[in-house]
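Next come the chains, spelled out residue by residue.
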Amino acid sequence: MEATIALRLPRDAASVPVIRQLLDASLGALGVVPQIREDIQLMLSEACSNVIQHATPSDDYMVSTELCRDRCVIKVVDAGNGFDISEMPSSPSTTSEHGRGLLIMQALADDIRFVNRHERGSIVCLEKALRFVEDAPGLSLLLSEELELGQGVPEVVGDRPHVGNHLPAGDHADVQ
């Protein structure tokens, strides 16, 4: 099974808690451990907040999340002016109120990619490995192929092994 959520949202701060709660409820229903859910919520909030603050002149943005096997892939796509990650400061000053979002996302994500579409916006792609509580529904729903092939299950809170063979990093959604 693959679970996909995609929303086009207004570039408004009120949209951030909506997508956070929707994704967290989905992850919770699948039995993802709370620490991973919190990391995903924070990464998502930072990516969406950057769009809201910086993606002018865009009126909206898109968030797509894909839960496949033991991975959560989040894409935040805007139609603003775009940005060049190489031009971003490597670390904000200790007194700065802004500039920490990219560092937070980089610290929490297992993989992060930025695509500048040159005056057609940006794409931020965040990936996080999922861990499940014991007997979680996500183990049988998202990992049915691994279980049928006898490949084991991904890391569960406890002593079970972690399954390799993740989906390759890349563009998992058509973005125009």
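Look a little higher up for the structure.
Analysis parameters
Residues numbered from 1 in each chain as written. Predicted model: local features only at pLDDT ≥ 70, side-chain atom pairs only at ≥ 80, totals over all residues. Heavy atoms only, no water. Helix = DSSP H or I, 4+ residues; strand = E, 2+ residues; numbered from the N terminus. Buried < 20%, exposed > 50% of the residue type's maximum accessible area, 1.4 Å probe, protein only. Contact = heavy atoms within 4.5 Å. Areas by Shrake-Rupley, 256 points an atom, 1.4 Å probe, with all protein chains shown as cover. Pairing = 2+ DSSP bridges. Axes fitted to C-alpha atoms, helices over the stretch in contact; angles between N-to-C directions. Core = buried A, V, L, I, M, F, W, Y, C linked by side-chain atoms within 4.5 Å. Parallel < 35°, antiparallel > 145°, perpendicular 65-115°, else oblique. Left-handed = near helix turned anticlockwise from the far one by under 90°. Lys, Arg positive; Asp, Glu negative; His and termini not counted. Salt bridge = Lys/Arg side-chain N within 4 Å of Asp/Glu carboxyl O. Expected span 1.5 Å × (residues − 1).

A.B. asks: In this structure, what is going on with the overall build of the chain? I would like to understand it.
C.D. replies: The secondary structure content of the chain amounts to five helices and five strands. Along its sequence from the N terminus, the chain presents helices and strands in the succession β-α-α-β-β-α-β-β-α-α. Taken across its 176 residues, the chain has 41% of its residues classed as buried. Here the analysis covers contacts within the chain between residues at least 6 apart in sequence; of these, 64% occur between residues at least 24 apart. On the chain, roughly 9300 Å² of surface is accessible, and the fraction owed to carbon and sulfur atoms is 51%.

A.B. asks: In this structure, what is going on with the sheet that holds strand S1 (residues 2-10)? I would like to understand it.
C.D. replies: What holds strands together in a sheet is hydrogen bonding between their backbones, with the strands either parallel or antiparallel. With antiparallel pairing, five strands are arranged side by side in an open sheet as S1-S2-S3-S5-S4. Looking at strand neighbours, the two that pair on one side only are S1 and strand S4 (111-116), the edges of this open sheet. Each strand of the sheet is rotated relative to its neighbour by a mean of 10°, with strand direction disregarded. As defined by bridge partners, S4 adjoins strand S5 (residues 122-129) across six bridges and the pair is classed as antiparallel. The residue bridging phenylalanine 114 from the neighbouring strand is valine 124, located in S5. Packing against the sheet, helix H1 (residues 15-30) makes contact with S1, strand S2 (60-68) and strand S3 (71-78), and its axis sits at approximately 170° to S1.

A.B. asks: Explain the side chain of serine 122 here, please?
C.D. replies: Position of serine 122 among the secondary structure elements: in strand S5. Other than its neighbours up to four places away in sequence, serine 122 contacts Val76, Val77, Asp78, Gly82, Phe83, Val115 and Arg117.

A.B. asks: Can you help me understand the environment of glutamate 2 in this one?
C.D. replies: If you trace the backbone, glutamate 2 turns up in strand S1. With 65 residues separating them in the primary sequence, glutamate 2 and leucine 67 have C-alpha atoms 5.8 Å apart. Each residue touching glutamate 2, except ones within four places of it in the same chain, is listed here: Glu66, Leu67 and Cys68.

A.B. asks: How should I be thinking about the nonpolar core in this particular structure?
C.D. replies: Nonpolar side chains tend to gather and get buried jointly when the protein is soluble and globular. Counting 36 residues, the largest nonpolar core has Ile40, Tyr61, Val63, Ile74 and Leu130 as the members making the most contacts within it. For this core, the secondary-structure elements that each account for two or more residues are S1, H1, helix H2 (34-54), S2, S3, helix H3 (101-108), S5 and helix H4 (137-142). The element that contributes the greatest number of residues to this core is H2, accounting for eight residues.

A.B. asks: Help me out: how do you make sense of the packing of H1 against H2 in this one?
C.D. replies: Axis angle and axis distance: for two packed helices, these are the angle between their axes and the distance between the axes, and together they describe the pair. With their axes 10 Å apart at the nearest point, H1 and H2 run at an angle of 155° to one another. As summarised for this structure, H1 and H2 are arranged roughly antiparallel, according to the angle between their axes. In the crossing of H1 with H2, the sense of the turn from one axis to the other is right-handed. Side by side, H1 and H2 meet where Ser15, Val16, Ile19, Arg20, Leu23, Asp24, Leu27 and Gly28 of the first sit next to Arg37, Ile40, Gln41, Leu44, Ser45, Cys48 and Ile52 of the second.

A.B. asks: Honestly, the side chain of glutamate 46 in this entry has me stumped. Any pointers?
C.D. replies: The topology assignment puts glutamate 46 in helix H2. No salt bridge forms around the buried glutamate 46; measuring N to O, its nearest opposite-charge neighbour arginine 20 is 7.6 Å away. Discounting chain neighbours no more than four positions away, the residues touching glutamate 46 are Gly101, Ile104 and Met105.

A.B. asks: Even after reading the chapter, I still don't get H2, so can you show me in this structure?
C.D. replies: In an α-helix, one turn spans 3.6 residues, which is why side chains three or four residues apart end up on the same side. Between the first and last C-alpha of H2 there are 30 Å, a value that for 21 residues agrees with the 30 Å anticipated at 1.5 Å per step. Among all positions in H2, only Ile36, Asp39, Ile40, Gln41, Met43, Leu44, Ser45, Glu46, Ala47, Cys48, Val51 and Ile52 are buried. Packed against the buried residues of H2 are H1, S2, S3, H3 and S5.

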